[in-house]
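The lines below spell out each chain.
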Amino acid sequence: MSSNNYYDVTTWPIGNPSEDVGEVINSIIADIKERQHASDVNDGGKPGAVIYLPPGDYRLRTQVLIDISFLRIQGSGHGFTSSSIRFNVPHDEWPELHELWPGGSRVLVDLPELPVDEEAETSKAGPSKGAAFLVKREGSPRISSVEFANFCIDGLHFAADGSDLPAENTYVNGKTGIHVSSANDSFRVNEMGFIYLEHALSIHNADALSIHNNFIAECGSCIELRGWGQASKITDNLIGAGFKGHSIYAENHGGLLVTANNVFPRGASSVHFNGVTRSSVTNNRLHSFYPGMVVLDGNSSENLVATNHFLRDHEPWTPFLGIDNGLDDLHGVLSVRGSNNSVIGNHFSQIIDAGSIRPVGATPVIIRLREGAGNFVSNNHVVAMDVHAAASDDCFEAQVGALLTTDTAAALAVTAVMVDPESTRNTVLDSGSDPQVLADRAANAVRATPTVG
Amino acid sequence: MSSNNYYDVTTWPIGNPSEDVGEVINSIIADIKERQHASDVNDGGKPGAVIYLPPGDYRLRTQVLIDISFLRIQGSGHGFTSSSIRFNVPHDEWPELHELWPGGSRVLVDLPELPVDEEAETSKAGPSKGAAFLVKREGSPRISSVEFANFCIDGLHFAADGSDLPAENTYVNGKTGIHVSSANDSFRVNEMGFIYLEHALSIHNADALSIHNNFIAECGSCIELRGWGQASKITDNLIGAGFKGHSIYAENHGGLLVTANNVFPRGASSVHFNGVTRSSVTNNRLHSFYPGMVVLDGNSSENLVATNHFLRDHEPWTPFLGIDNGLDDLHGVLSVRGSNNSVIGNHFSQIIDAGSIRPVGATPVIIRLREGAGNFVSNNHVVAMDVHAAASDDCFEAQVGALLTTDTAAALAVTAVMVDPESTRNTVLDSGSDPQVLADRAANAVRATPTVG
Amino acid sequence: MSSNNYYDVTTWPIGNPSEDVGEVINSIIADIKERQHASDVNDGGKPGAVIYLPPGDYRLRTQVLIDISFLRIQGSGHGFTSSSIRFNVPHDEWPELHELWPGGSRVLVDLPELPVDEEAETSKAGPSKGAAFLVKREGSPRISSVEFANFCIDGLHFAADGSDLPAENTYVNGKTGIHVSSANDSFRVNEMGFIYLEHALSIHNADALSIHNNFIAECGSCIELRGWGQASKITDNLIGAGFKGHSIYAENHGGLLVTANNVFPRGASSVHFNGVTRSSVTNNRLHSFYPGMVVLDGNSSENLVATNHFLRDHEPWTPFLGIDNGLDDLHGVLSVRGSNNSVIGNHFSQIIDAGSIRPVGATPVIIRLREGAGNFVSNNHVVAMDVHAAASDDCFEAQVGALLTTDTAAALAVTAVMVDPESTRNTVLDSGSDPQVLADRAANAVRATPTVG
């Protein structure tokens, strides 16, 4: 038993943290529960504890089950390095590499297959089996103030999925980093690293959640807010999902603030809202290789999408050439099914090879209002260029090279705003020249951006 | 005496941190002062120290007085859980609750009544008696780089105030979490939790202050910047004050940056500036149950209020039904007494029951320019709906339910912008249709948002 | 040798951290390298380590060389206090001062002159000799996940530079805080303090870098991103460089997010981009005493500059009166050489003494488009006033006094937007009245802000 509420997994007498840190942490949680009894004597509470993982490799063979409030699990290093690049380095070059794996305070997720979590399933969360950390507690109050800070959760390997892709490039392995399946309050995920997980962070029924300053990359999906929730924030993260998954996904949330994130490729979407209301996607830097970067779907309404920088260009790294999310260029870089949203002051750069446009010969769409009414689209600036797509075996150089390539001579014709007949009474101001705005002027108020002459 | 500058309150030989952590911390500060003498030999300084509070309950019966720079007080857990919900659960259900109190590294504020701080009084700070942590030092230089990080300050109980409200719902108890009464530089408050305090954080005369990523809720007032100050930031916090108090208040500040905060109800205001200049309120998510959400008062001028999401709807939780801040619907969701402010690219959702409008029959006002000149109001989107207000005994479900309710059929007439005769030479662009902008067109430049047809 | 990967410089047996913490840290790094060998057995990695500096004074006489990934160096206190103010206090008043030096976990940079780093030189980084922390490693993969957190790097003194300025006011000493000369991935610099360094933070070839919540002031230059890079963020910092240097500088970066920073004087620029593309400068509070606050240069294109608050006024502190950055008032507060940038929803306050305008009699320029094409300048609000510049010996009072001074009666004529002939096909909307926009209407689309009457 611990004499206070600070635990170090490397000094805890039960289990071996190198072999199974899950067993170690579960025994610590059992110790906390044994020592801390509910009491209202003298306003005394159950303060919880902190569990510390010094830098090191910690294999996790047993799922951690968190069912107490006020538990903080913290390390000293988010430990990201690109496994994706390494797995695409020829094997005979590996001995020359300085290091082969992520590091820091690193949890190596090596779970046997676990049963699917039922509650998660009923809300269509997708696979929650294989969660390294499962937070689940029924009853009242909702579990509160669990904090994850500054350690690395590494899913180690992806698995062959039947496609032509090498196994390590599939973003599939059935592993989840942190899965919260019960309603929760005031959780924090700060300064973490997540890598090579099919789902990094999947949180159900969140209230006042903060996901801040994390590094979540090379995961199938990065942040998924499932079920329903309110008053949360996803801020100041570096995020990049796989081509099948979500970088940031939320459903049935109100009052969500998504800001100051740098969301890089290759997520199928950068931000996807489903039935989300009165929320903000503001001030993010968003970059994708496919259409459908920001999706407001399922009657997502009264949201503010403002002062974001959208860049859509092409995959420049050879291992993923030819991969996409299945959407064509009419889908819209920003697609809206919902009402009374505000789309204000965004910059869109569409930098693509005209020869790659699908359907062939189509004019790509930047903002598309598909269903709903009363959306306000104002002061958005669309830049579109036809740039020959180059590719390279060197991931970083390929990306930086593509990012820095500009060619103002090669203007590309686009539809800045397309309003479908199912979306009416919208206001479109200064977001495209008159021919760039396809909308029924009798059903929508349009003021085209002035042009010269 | 400590051999270095790291202190743990649970191992310090003087006092009992469970019984009075205030006495313990004060004796640690005395030790630091005894060991660290001013010296310029070899550029040697007085480095200060860190005082660590592991997770645990620490009653504070003696006020902590901080009068040295470079002191960091840190815990391992912000420890929030809703005391408000718990106190409104019938007492016979308490034994079924998993926990009754906040947790983490938790300071239980249990001070006897203290004399009112004089300096605070002269600048009208309200009650500073009862501050758990008082920072006060005269002379030069200003006290610098005090840091508070990742612990919980819990005021425990509110008190009957003569109203009909149950004592625990009054937001009154004369307790302050941190009160800084002297001019200060480069302070930080990060990752803290504050709960059930009449004043969470009251800071006078701040320079380059950072209040970042805290959880400040169920307090009478949350953040109050008093006196005067400059170049500070309030960023990325979750904040919600009581119905009588301020969520974020600042007076006589210049260059203040308020951004990326998620400010939820039920503060009398979300952001209140008094005599504040050249500051920013940008990119926040703001939610309130009353008018007067953002107030620029006392000749607050040259401020930027941009790309915020404002939601004003109704209290849905039964214990607080019927409570408001006393302002009627003509007050304005955003109210401006000042000049040359910029109000750009904000989204306003006004989702209220038309039957609740006061004065009866009035048209609610969203943006109101009351006094001043030269304000620039552009590209704001106002959504207003008449929605029957539902209420529930379950706080979270009530709030989420209300948040997710949309009904585009039930449009509500509002005045998007009202310009009083005392405010002139303003520019109002694309922020409401012609009839929605009440302004003397001879004294103000108005371009109405285009409408269909 | 350490038994795990947590090191405390005060308990490490080699060297004396008070006398030379550089030697201590280098010996710790050697220990880590000796203990951690590359291995792919069982997915085992080289986790790196954390090196802890408790609060204290640590002289650094030997440069730290970091060539391993996953190293976190952390302290417990950013330790800023104004050395600039103290050095300008008469020496006979020093005995009355509470403290003379910065504190916290403080590294005193006291290096002998070091040879200039060659790689840095080739990319024109300026002096990298004198870096307290040098990160440099060739080969693959790029060095990853080095983290610096919550300590202070103090350059101690500036040096006479041949000008009339007292030595301690020159911002020159050849010292750099952290210099990263090799390509790197997923680095973090969080909660640090930097002071009295000629270059605080100079990072070459960064990928997914995060510079967050630091205090970087009274340094010649604060943040310099050199070489090339992508997908990084500079967020939520308090920053203020010297009059010769950069507060935030980046070259050849793509996808950089600069947001939520409070950048105060007196940098020669607040944000300077050179050849930067598809990046964001949004939602910052920027304050400078000179023109040229934000500079997009070297064909910086497709960037978004939105919802920032710009304040340009005069130096009010007597020791620096008469100092400037050499630019006249026609330069532009925001100056653009590049194409397809978006400048949306910014507030500009130009509060100067009309008698100080240079060239004499000129009309100051706020936004100047110098070269390029296709920039979109919309919904910016310019406030300009002629205010008699007061100055004071008290730095804080001088600055706050100036900040809070407003006088709506004293309007100053300015050119809100000037478009040079070398910049064409720009769109300028609602960013100045017709006479305030100097642009060839045949080459640029202009819609002036409506005016009264």
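Residues numbered from 1 in each chain as written. Chains lettered and ligands numbered in written order. Predicted model: local features only at pLDDT ≥ 70, side-chain atom pairs only at ≥ 80, totals over all residues. Heavy atoms only, no water.

Q: For the overall build of chain A, give the residues involved together with the corresponding values.
A: A count of helices and strands for chain A gives 4 helices and 43 strands. A compact globule built from 453 residues should have a C-alpha radius of gyration of about 22 Å, and chain A, at 23 Å, falls within 12% of that. Each of the three principal axes of chain A carries a C-alpha extent, and together these read 80 × 60 × 35 Å. The burial tally for chain A puts 71% of its 453 residues in the buried class. Pairs at least 24 residues apart make up 64% of the contacts formed inside chain A by residues separated by at least 6 positions. Surface accessibility of chain A: about 12500 Å² in total, with carbon and sulfur atoms responsible for 52%. (Helix = DSSP H or I, 4+ residues; strand = E, 2+ residues; numbered from the N terminus. Rg over C-alpha atoms; globule rule 2.2 N^0.38 Å. Buried < 20%, exposed > 50% of the residue type's maximum accessible area, 1.4 Å probe, protein only. Contact = heavy atoms within 4.5 Å. Areas by Shrake-Rupley, 256 points an atom, 1.4 Å probe, with all protein chains shown as cover.)

Q: Explain the relation of the copies chain A and chain B to me, and be specific about the residues and the numbers.
A: Structural alignment of chain A on chain B gives an RMSD of 0.0 Å, achieved by rotating through 120° and translating 0.0 Å along the axis. The operation mapping one copy onto its partner corresponds to a three-fold rotation axis. By residue overlap, the copies meet through two different surfaces: only 8% of the interface positions of chain A are interface positions in chain B. (Least-squares fit on C-alpha atoms with pLDDT ≥ 70 in both.)

Q: So what's going on with the UniProt feature "domain: Periplasmic copper-binding protein NosD beta helix" (unreviewed entry) in chain A? Which residues, and what values?
A: Under the feature "domain: Periplasmic copper-binding protein NosD beta helix" (unreviewed entry), the UniProt entry names residues 165–312 of chain A. Here residues 165–312 of chain A is 0% helix and 55% strand, with 23 Å between the C-alpha atoms at its ends. (UniProt positions renumbered as here; feature names shortened; annotations may be inferred.)

Q: Can you tell me about the pattern of salt bridges, naming the residues and giving the values?
A: Enumeration over the complete set of coordinates arrives at 75 salt bridges over all chains. The residue Asp420 of chain C makes a salt bridge to Arg368 of chain C at a minimum N-O spacing of 3.1 Å. In this pair, Asp420 of chain C is assigned in the loop between β39 (415–419) and β40 (423–424) and Arg368 of chain C in strand β36 (residues 365–373), connecting sequence segments 52 residues apart. Each of the two residues, Asp420 of chain C as well as Arg368 of chain C, counts as buried. The network of salt bridges with shared partners includes Asp430 and Arg447 of chain A, Asp430 and Arg447 of chain B together with Asp430 and Arg447 of chain C. (Salt bridge = Lys/Arg side-chain N within 4 Å of Asp/Glu carboxyl O.)

Q: Provide a residue-level description of the interface of chain C and chain A, including the pertinent values.
A: Facing the 84 residues of chain C at the interface are 73 residues of chain A. Broken down residue by residue, the surface that chain C buries against chain A is led by Asp43, Arg188 and Arg278 of chain C, which jointly contribute 13%. Applying the counting rule to chain C against chain A returns 5 salt bridges. Put simply, chain C and chain A have 42 residue pairs in polar contact (both at pLDDT 80 or more) between them. (Buried area = accessible area lost by both parts, 1.4 Å probe. Polar contact = N/O pair within 3.5 Å; in protein donor to acceptor, adjacent residues only side chain to side chain.)

Q: Account for unusual backbone geometry, naming residues and giving values.
A: Omega for the peptide link from Arg358 of chain A to Pro359 of chain A comes to -5°, which places this bond in the cis form. Structurally, Pro359 of chain A is set in the loop between β35 (347–352) and β36 (365–373). The residue after Ser140 of chain B, namely Pro141 of chain B, is reached through a cis peptide bond having omega -10°. Tracing the chain through its elements places Pro141 of chain B in the loop between β7 (131–135) and β8 (143–144). We note that Arg278 of chain A has phi near 50°; this positive angle belongs to a residue other than glycine. Within the secondary structure layout, Arg278 of chain A lies in the loop between β27 (269–274) and β28 (280–282). One non-glycine residue, Glu218 of chain B, lies in the positive phi region at around 55°. Summarising the element assignment, Glu218 of chain B is placed in strand β18 (residues 215–219).

Q: Before we move on, can you summarise the relation of the copies chain C and chain A with the specific residues and values?
A: For the pair chain C and chain A, the relating rotation is 120°, the translation along its axis is 0.0 Å, and the fit reaches an RMSD of 0.0 Å. Comparing interface residues between copies, only 7% of those in chain C also sit at the interface in chain A, which points to a heterologous contact through distinct surfaces.

Q: Lay out the sheet that holds strand β26 (residues 262–263) of chain A in plain terms, naming residues and giving numbers.
A: All names here are of chain A. In space, the 11 strands of this open sheet follow the order β3-β6-β10-β14-β18-β22-β26-β29-β32-β35-β38, with parallel pairing throughout. Looking at strand neighbours, the two that pair on one side only are β3 (56–60) and β38 (381–386), the edges of this open sheet. When β26 meets strand β29 (residues 285–288), the two strands line up parallel, connected through 2 bridges. Across the sheet, residue Val263 finds its bridge partner in β29, namely Leu286. Along the sheet, helix α1 (residues 17–35) contacts β3 and β6 (105–109); its crossing angle with β3, the most-contacted strand, is approximately 55°. (Pairing = 2+ DSSP bridges. Axes fitted to C-alpha atoms, helices over the stretch in contact; angles between N-to-C directions.)

Q: Explain the interface of chain A and chain B to me, and be specific about the residues and the numbers.
A: Each partner contributes to the interface: chain A provides 85 residues, whereas chain B provides 73 residues. Summed over both partners, the interface of chain A with chain B buries about 5800 Å², with 53% contributed by carbon and sulfur atoms. Of all residues in chain A, Asp43, Arg188 and Arg278 of chain A bury the most surface against chain B, accounting for 13% of the area lost on that side. Where chain A packs against chain B, one counts 5 salt bridges. With a closest N to O distance of 3.9 Å, Arg72 of chain A and Glu191 of chain B form a salt bridge. Grouping the amino acids of the side of chain A that touches chain B by side-chain chemistry returns 21 nonpolar, 46 polar and 18 charged. (Nonpolar A, V, L, I, M, F, W, Y, C, P; charged D, E, K, R; others polar.)

Q: Could you give me a rundown of the sheet that holds strand β14 (residues 193–195) of chain B, with the residues and numbers involved?
A: Residue and element names in this part refer to chain B. Pairing is parallel in the open sheet, where 11 strands are placed in the order β3-β6-β10-β14-β18-β22-β26-β29-β32-β35-β38. Whereas interior strands pair on both sides, the edge strands pair on one side only; in this sheet they are β3 (56–60) and β38 (381–386). The sheet contact formed by strand β29 (residues 285–288) and strand β32 (residues 309–312) spans 4 bridges and is parallel. Among the inter-strand pairings, His287 is bridged to a residue of β32, identified as Leu311. Across the sheet, helix α1 (residues 17–35) is in contact with β3 and β6 (105–109); its angle to β3 comes to roughly 55°.

Q: How would you sum up helix α1 (residues 17–35) of chain C? Please name residues and give values.
A: All names here are of chain C. For α1, which comprises 19 residues, the first-to-last C-alpha distance of 22 Å sits more than 12% below the rise-based estimate of 27 Å (1.5 Å per residue). The sharpest bend along α1 measures roughly 45° and falls at Glu23. By the burial criterion, the buried members of α1 are Pro17, Asp20, Val21, Gly22, Val24, Ile25, Ser27, Ile28, Ile29, Asp31 and Ile32. Put simply, Asn16 is the residue that caps the front of α1, since its side-chain oxygen is 2.9 Å from the backbone nitrogen of Ser18. (Expected span 1.5 Å × (residues − 1). Bend = angle between axes of the 7 residues up to and from the residue.)

Q: Summarise the side chain of Gln74 of chain B; cite the residues concerned and give the values.
A: Its location among the elements puts Gln74 of chain B in strand β5 (residues 71–75). At 2.6 Å, the side chain of Gln74 of chain B forms a polar contact with the side chain of Arg72 of chain B. Apart from the residues lying within four places of it in its own chain, the contact partners of Gln74 of chain B are Val50, Ile51, Tyr52, Leu53, Ala149 and Phe151 of chain B together with Ser76 of chain C.

Q: Could you give an account of helix α4 (residues 395–404) of chain B, with specific residues and numbers?
A: Residues of α4 of chain B that are buried include every one of Cys395, Phe396, Ala398, Gln399, Val400 and Leu403 of chain B, and no others. Its side-chain oxygen at 3.2 Å from the backbone nitrogen of Phe396 of chain B, Asp394 of chain B defines the N-terminal cap of α4 of chain B.

Q: Could you give an account of the environment of Cys152 of chain C, with specific residues and numbers?
A: All names here are of chain C. With respect to the element layout, Cys152 can be found in strand β10 (residues 152–154). Each C-alpha atom of the pair Cys152 and Pro102 lies 7.9 Å from the other, and the pair is 50 residues apart in sequence. Beyond its immediate stretch of four places on either side in the chain, Cys152 contacts Gly77, His78, Gly79, Pro102, Gly103, Ser105, Arg106, Val107, Gly193 and Ile195.

Q: Lay out the packing of aromatic side chains with the relevant residues and their values.
A: Residue and element names in this part refer to chain B. Here the structure, examined in full by the defined rule, presents 56 aromatic pairs over all chains. A ring pair is formed by Phe87 and Trp101, whose centres lie 5.9 Å apart and whose planes are at 80°; its orientation type is edge-to-face. In this pair, Phe87 is assigned in helix α2 (residues 83–87) and Trp101 in the loop between α2 and β6, connecting sequence segments 14 residues apart. Each member of the pair, Phe87 as well as Trp101, is classed as buried. For the ring pair Tyr171 and Phe320, a centre distance of 6.0 Å and an interplane angle of 40° mean the geometry is tilted. In this pair, Tyr171 sits in the loop between β10 (152–154) and β11 (176–180) while Phe320 sits in the loop between β32 and β33 (334–337), placing the two residues 149 residues apart along the sequence. (Phe/Tyr/Trp six-rings, centres within 6.5 Å; stacked < 30°, edge-to-face > 60°.)

Q: Before we move on, could you go through the side chain of Asn190 of chain C and cite the residues and values that matter?
A: Here Asn190 of chain C is to be found in strand β13 (residues 188–190). For Asn190 of chain C, a relative accessible area of 3% gives the class buried. Among the polar contacts listed, one links the side chain of Asn190 of chain C to the side chain of Glu191 of chain A, at a separation of 3.5 Å. Asn190 of chain C has contacts with Glu191 and Asn213 of chain A together with Phe148, Ala149, Asn150, Ser210, His212, Asn213 and Asn214 of chain C, leaving out every residue within four places of it along the chain.

Q: Account for the confidence of the model for chain A, with residues named and values stated.
A: Predicted confidence across chain A gives a mean pLDDT of 93, with 94% of residues reaching 70 or more. As scored by the predictor, the complex reaches a pTM of 0.97 and an ipTM of 0.96. (pLDDT = per-residue confidence, 0-100.)

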